[in-house]
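# Structural overview for review
The chain contents come next:
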Amino acid sequence: MPQDREPAASTDAPAEGARSTRSTCPYCGVGCGVLIDTAGEGDATRVVGVRGDPDHPANFGRLCTKGSTLHLTATPLVRQQQRLLQPAWRPTRDDALEPQDWDTTTRRIAEQLLAIRAEHGPDAIGFYISGQLLTEDYHAFNKLARGLVGTNNIDSNSRLCMSSAVVGYKQSLGADAPPTCYEDLERADCLFIAGSNTAWAHPILFRRIEAARAARPQMKIIVVDPRRTETAEFADLHLAIKPGSDIALFHGMLHAAIWEGWIDADFIERHTAGFAELKALVRTMTPSESARLTGLKEAQILQAAQWFAQSPSTLSLYCMGLNQSSSGAAKNTALINLHLATGQVSRAGAGPFSLTGQPNAMGGRESGGMATLLPGHRDPGNAAHRDEVAALWGVDAMPDQPGKTAVELFQAAARGEVKALWIACTNPAQSMPDQALVRAALERCELVILQEAFSGTATAAFADVVLPAATWAEKDGTVTNSERRISRVRAALSPAGESRADWRIVRDVAQRMETVLRPGRPSLFDWETPEQPWIEHREATRGRDLDIGGLSYAMLEEAPRQWPWPAGAEAAQARLYEDRRFAHADGRARFIAKPFKPTAEMQDPKFPLALSTGRLRDQWHGMSRSGTVARLFAGEPAPALSMHPQDIARRGLTAGALVRVQSRRGPLIVPLRADEGVGPQQAWLPMHWGSEFLGGRGQLGINALTQSAFCPDARQPELKFAAVSVEAVALPWRVFGAAWVKPGQAAALRSQLRVLMDQAEYACCLPGPAQDGLEGWSLELAFAEPPPAPVVQALSTVLQLNGVGVLRYADGRRGRSRSLRLDGEGAEARLQALLRVGEGSEGAWLDALWSERVPVAPFGRRLLAPDADGPAVPVSPQVCNCFNVREDAITACLQRLPDDAPQARLAALQGALRCGTQCGSCLPALRRMVQTVVPGSPVSNAVKEAT
């Protein structure tokens, strides 16, 4: 059982008079329980806080930085200013969205979908939905697409993150059912983490790993990742493989296990099939050949194989590094092969554990909300399965044509085959690979419906109609987490504005379409509560591997429950296959013999670097939700491309400068960062920076670079690899504008700044850290030539720097100018708005004065003086979001501490600054600094000034 269950600081009692509502976090697939604290009555009810639920078995009260700031995504201001609040429709594609009532909107949608279906057939309509929907929403969309419209063209953004894991489980074990549970983190003797920066992507699970390691120091941890991440730093053995070479590693480990006699021959004989073929395949993948292909040392491969095979129990954790690949399913099955061959499965602390990326990707898989699935883990290619679902739903037949998966769906739309796309709770104009193709698809569609909670997403610009959806703290239903645990999501507020629950929006359109497609027949969507579609979903699971026939909403009200839980059961199965009978018809697991294949595209002299993308600790996907919280930008305030310092020097580049990253699909200009954790000939970009934040003329965000080549079995695109070139770019002219505004005005300022992003070769639009009750946004532009006067004038107007009371400096000959507006008086005066124009970093020291809200009186005339030296200290990155502790303060504290054992120094640091004592997400960074900051070393003047 978990060793570290003490409640985190976020489980303190709510404020006096507040009410608490139990619900579930809407971010990653860990599925943390939360307590939403609200105050006020009726329409005046507001969220005043969020705490971890100490009784939820996924997190026992702990929350990460994102979860602990959830209440800030549901403030009255966010709900009023950054949410979609009423339906809207564009008269034409060139027009702005115009508000429209729900009745008219649902009628028009039904009419247009019916017209497209009548003229082009049901497969001219596609649905692209989300792993952030509730299971009830998934069921509604699936029933609309397959049961009423008659198309299998329904897929989820889970295709981008989890479909390889689905196929891997099905091929190897017989069903898409993770056989492990979170308690196995405490029971494992060896953790094998592959393609997952767990410390950042699943922080609460990493807290459990840290606690398990502290309780059992003998536990071995192996991390497979091309980058030296914070997770890798925690490992006993870091296998920094060449990108895409995972199968060569796993096959090399299996070869070693066979050769050394570390396999479980009895388990293989009794409970598996296909080992002979696999053994023949890996015969030539010796550890030396594996080392050649992976870039590792042979001794590392042998050590990993020994620990994996000979530890009493080995648990593997894996995520996007395996899944987002043109060999994604094969990578999954190659890892599962290792478990089967060594008998590391079907018992406590052992087994393959896929970490789910989204809060309800599992629920979407259960309900069949993907083109390659039907409800209850059924197969749309199986006629008997189609008949079973048709009978359950009361329809004549299910469509039998294969549905188009995510990439295929947008490719078909770009060709003109799919005429209508209904997109819900996802942002494909940010998250899909090959953005040029995705946007061409959206432009060509006759009808694009966007069902979304937050305004300002990139996809909204392509939508003909926008449907405002309810979101976290407003929704009621269920989600399933990575360990097959179903939790209730409960509403603490009424939906903002006119927004509605997703399943209800679907129901209302579907009922209008039924009058034409099913005249005189009972409605398929006769629902008034979310429990009704959930009951239909439950019935589809009876007799299946995920049977929840014994569960009810009432039972889920009492506590989260794992599946399977068939009728008559008194408890769930925490682990599957403990009887060693797997889900294939003969009860045997399958060894899958797939050879190692290189990535879909290769590095060459023109594109010599391997680019990978990944997550930041404090952000989520396209940041439509997390981007509403300014403090979550503090740790990583701006986009940057990370490369190894030697690669930067070898190419004559400069860290901090702008570079052009070019793939075979498009370019992106971005600042360069030196990072020794990135391997040679590699580069890394966070996945979150779409064109809403990072752009410029002709640029489409991070995924302009990524490729749409996908796994032939899982149809999951290879987002983890793109061959790119990186070169210096000459954009010496810079424009920087920023302003602090009163609460409620930030959304308008953001929108006005974003309009100007396409006017420059490079643009970056970011929020400032909220301070003094104000909200701030900044825009940086870069040009090859002096910036056009109309652009500067437009930005000046947006920032309200054209009137009286503005301090100005201009040098027409050198093209420099500054405009400053102060708020406050005398010694308390601070920069309220700033606009500077010039070459290079001229005047850039003013940016920190603005962002830090530093009193400007000490700088006097230097604020407007030509060639003034920059007195401001560069802003230090924030390490601890909970207590706003920055890197420079931590460094200064560690330099003062005695040279004790690392754990003692960490404890002393936490006692002094409180960092790492609440959510704990910063603990990996703190441990690294404890190891690297030398006690008693001189404290720099910059650090002294900052602290």
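Here the structure is a predicted model, which is why all the values come from computation and not from measurement. Sequence positions are assigned chain by chain, starting from 1 and proceeding in written order. Two thresholds apply to this predicted model, a pLDDT of at least 70 for residue-level local features and 80 or more for giving and counting side-chain atom pairs, whereas whole-chain, interface and lining totals are computed over all residues. In computing side-chain values, all of the structure's heavy atoms are included and hydrogens and water are not.

The helix and strand inventory of the protein stands at 32 helices and 35 strands. Radius of gyration here is computed from C-alpha atoms only, and the compact-globule reference equals 2.2 Å multiplied by the residue count raised to the power 0.38. A globule of 947 residues ought to have a C-alpha radius of gyration of about 30 Å, and the protein, at 28 Å, matches this closely. For the protein, the C-alpha atoms occupy an extent of roughly 85 × 70 × 60 Å along the three principal directions. Sequence separation of at least 24 residues holds for 72% of the intrachain contacts in the protein that already meet a minimum separation of 6. The protein chains shown are the only cover counted for residues, whose accessible areas, like all others here, come from Shrake-Rupley with a 1.4 Å probe. For the protein, the accessible surface area stands at approximately 33,100 Å², while carbon and sulfur atoms represent 50% of it. On the protein, the mean spot of the 100 positive side-chain charges and the mean spot of the 103 negative ones are 2 Å from each other. Helix numbering and strand numbering both begin at the N terminus, where a helix is a DSSP run of H or I of at least 4 residues and a strand a DSSP run of E of at least 2. Two residues form a contact once any of their heavy atoms are found within 4.5 Å. Positive charges are assigned to Lys and Arg, negative charges to Asp and Glu, while His and the chain termini are left out of the count. For the purpose of locating charges, the reference atoms are NZ of Lys, CZ of Arg, CG of Asp and CD of Glu.

Any two strands with at least two DSSP bridges between them are considered paired. Read around the barrel, 6 strands follow the order S21-S25-S22-S24-S23-S27 and close on themselves; strand pairing throughout is mixed. Taking the axes of each pair of neighbouring strands and ignoring which way they run, one obtains an average angle of 45° across the sheet. Sheet analysis places strand S23 (residues 658–662) next to strand S24 (residues 667–674), joined by 5 bridges and oriented antiparallel. Bridge pairing in S24 links Val661 to Leu668. Between the N-to-C directions of two axes lies an angle of 0 to 180 degrees, each axis being a line fitted to C-alpha atoms and, for a helix, fitted only over the stretch in contact.

The next point concerns the pattern of salt bridges. By salt bridge we mean one thing: a side-chain nitrogen of Lys or Arg within 4 Å of a carboxyl oxygen of Asp or Glu. Evaluated as defined, the whole model comprises 63 salt bridges. Between Arg490 and Glu557 there is a salt bridge; the shortest N-O distance is 3.1 Å. Of the two residues, Arg490 sits in the loop between strand S18 (485–489) and helix H22 (502–517) while Glu557 sits in helix H24 (residues 553–558), which places them 67 residues apart along the sequence. Remark: exposure states derive from per-residue accessible area (1.4 Å probe, protein chains only) relative to the maximum for the residue type, with buried under 20%, exposed over 50%, and partly exposed in between. Here Arg490 falls in the buried class, since its relative accessible area comes to 16%.

It is worth spelling out helix H21 (residues 435–444) at this point. Three- or four-residue spacings in an α-helix give side chains the same orientation, since the helix completes a turn every 3.6 residues. Those residues of H21 lying buried are Gln435, Val438, Arg439, Ala441 and Leu442. Down the axis of H21, the buried set is contained in an arc of 155°. They therefore lie on one face. Opposite the buried face of H21, by more than 90 degrees, sit the exposed residues Glu443 and Arg444. Residues of H21 that are buried in the fold lie against helix H19 (406–415), strand S14 (420–424), helix H20 (428–431) and strand S15 (447–452). Read the arc as the range of directions from the helix axis to the C-beta atoms.

All right, on to the sheet that holds strand S28 (residues 733–741) then. Pairing is antiparallel across the open sheet formed by 7 strands, whose spatial order is S26-S29-S30-S28-S33-S32-S31. Two strands bound the open sheet, and with one partner strand each, they are strand S26 (694–695) and strand S31 (807–811). Here helix H27 (residues 789–798) sits on the sheet in contact with S28, strand S30 (774–783) and strand S33 (830–839), set at roughly 175° to S33.

This paragraph deals with the side chain of Thr45. Summarising the element assignment, Thr45 is placed in the loop between strand S2 (33–39) and strand S3 (46–52). Polar contact criterion, stated in full: a pair of N or O atoms within 3.5 Å, where within protein one must be able to donate a hydrogen and the other to accept it, and residues adjacent in sequence count only if both atoms are side-chain atoms. Polar side-chain contacts of Thr45 include one of 2.8 Å to the backbone oxygen of Gly42. Sequence-distant contacts of Thr45, defined by excluding residues within four places in its chain, comprise Arg19, Thr38, Ala39, Gly40, Ala492 and Leu493.

For the rest of this paragraph, the subject is empty space enclosed by the protein. Here a cavity means grid points, on a 1 Å grid over the protein atoms only, where a 1.4 Å probe fits yet cannot get out; a pocket means an open set of points with protein on both sides within 12 Å along at least five of seven lines; lining residues are those with an atom within 4 Å of a point. Grid points are joined across faces, edges and corners, and a volume is the space filled by probe spheres set on the points. Summed over the entire model, instances satisfying the criterion amount to 5 cavities of 30 Å³ or more. Along the lines of polarity and charge, the residues of the lining of the second largest cavity split into 4 nonpolar, 9 polar and 3 charged. Here the nonpolar group is Ala, Val, Leu, Ile, Met, Phe, Trp, Tyr, Cys and Pro; Asp, Glu, Lys and Arg are the charged ones; every other residue, Gly included, is treated as polar.

A large share of strand S9 (residues 220–224) lies buried, amounting to 4 of its 5 residues. For strand S8 (residues 190–194) and S9, the ladder comprises 5 bridges, and the chain directions are parallel. For Cys190, the partnering residue across the bridge sits in S9 and is Lys220. With 3 bridges connecting them, S9 and strand S10 (residues 237–239) associate as parallel partners. Residue pairing in the sheet places Val224 in a bridge with Leu239 of S10.

Our focus in this paragraph is the environment of Ser624. Along the chain, Ser624 falls in the loop between strand S21 (609–614) and strand S22 (641–643). Judged by relative accessible area, which is 31%, Ser624 ranks as partly exposed. Residues Ser624 and Ala453, spaced 171 residues apart in sequence, show a C-alpha to C-alpha distance of 8.9 Å.

Moving on, we come to the pairing of strand S17 (residues 477–480). Neither face of S17 is open: one carries Gly477 and Val479, the other Thr478 and Thr480, and all of them are buried. Sheet analysis places S17 next to S18, joined by 4 bridges and oriented antiparallel. The partner of Gly477 across the bridge, within S18, is Val489. From the end of S17 to the start of S18, which pair antiparallel, there are 4 residues, and Arg484 there has a positive phi angle of about 70°.

We now examine the state of the cysteines. Here, a disulfide means two cysteine sulfur atoms that sit within 2.5 Å of each other. Scanning the entire structure with this criterion turns up 0 disulfides. Cys161 provides the cysteine sulfur closest to Cys711, a residue in no disulfide bond, and the two sulfurs are 14 Å apart. No disulfide involves Cys922; its nearest neighbouring cysteine sulfur is the one of Cys880, lying 4.1 Å away. On the basis of relative accessibility, which here comes to 3%, the residue Cys922 falls in the buried class.

Along the chain, Trp563 connects to Pro564 via a cis peptide bond; the corresponding omega equals 5°. Its location among the elements puts Pro564 in the loop between strand S19 (561–562) and strand S20 (589–590). The phi dihedral of Arg580 is positive, around 65°, even though this residue is not glycine. Taking the relative accessible area as the measure of exposure, Arg580 reaches 26% and is therefore partly exposed. Even without being glycine, Asn884 reaches a positive phi, approximately 55°.

On to the packing of helix H3 (residues 102–120) against H22. The contact between H3 and H22 brings their axes to 9 Å, and the two run at 50°. The orientation of H3 relative to H22 falls into the category oblique. Note that H3 runs across H22; the crossing there is right-handed. Between H3 and H22, the contacting residues are Trp102, Asp103, Thr106, Arg107, Ile109, Ala110, Leu113, Leu114 and Arg117 on the first element and Ile505, Asp508, Val509, Arg512, Met513, Val516 and Leu517 on the second. Oblique is the label for every angle not falling under 35 degrees (roughly parallel), over 145 degrees (roughly antiparallel), or within 65 to 115 degrees (roughly perpendicular). For a crossing to be left-handed, the near helix must be turned anticlockwise from the far one by less than a right angle; the clockwise case is right-handed.

What follows covers the packing of aromatic side chains. Two measures describe an aromatic ring pair: the distance that separates the ring centres and the angle between the ring planes. Here the aromatic set is Phe, Tyr and Trp, taking the six-membered ring for Trp, and pairing holds for ring centres within 6.5 Å; pairs whose planes are under 30 degrees apart are stacked, those over 60 apart are edge-to-face, and all others are tilted. Using the criterion set out here, one finds 20 aromatic pairs in the structure. Ring geometry for Tyr577 and Phe582: centres 5.0 Å apart, planes at 40°, overall tilted. For the pair shown, Tyr577 and Phe582 are each scored as buried. The rings of Phe633, Trp689, Phe693 and Trp777 are connected pair by pair, giving a single aromatic cluster. Charge-over-ring placement is defined geometrically: NZ (Lys) or CZ (Arg) within 6 Å of the ring centre, and within 35 degrees of the ring normal. The side chain of Arg227 reaches across the aromatic face of Trp684, ending 3.8 Å from its centre. Between the NZ or CZ atom of Arg488 and the centre of the ring of Tyr553, over which it lies, the distance is 4.6 Å.

Inspection of the secondary structure puts Ala857 in the loop between helix H28 (845–851) and strand S34 (878–880). For Ala857, the residues in contact, after removing those within four places along its chain, are Gly826 and Ala827.

Bringing the environment of Glu111 into the picture now. On the secondary structure map, Glu111 appears in helix H3. A relative accessible area of 43% places Glu111 in the partly exposed class. Glu111 sits 405 residues away from Val516 along the chain, and the two C-alpha atoms are 9.7 Å apart.

Just geometry here; none of it tells us what the structure is for.
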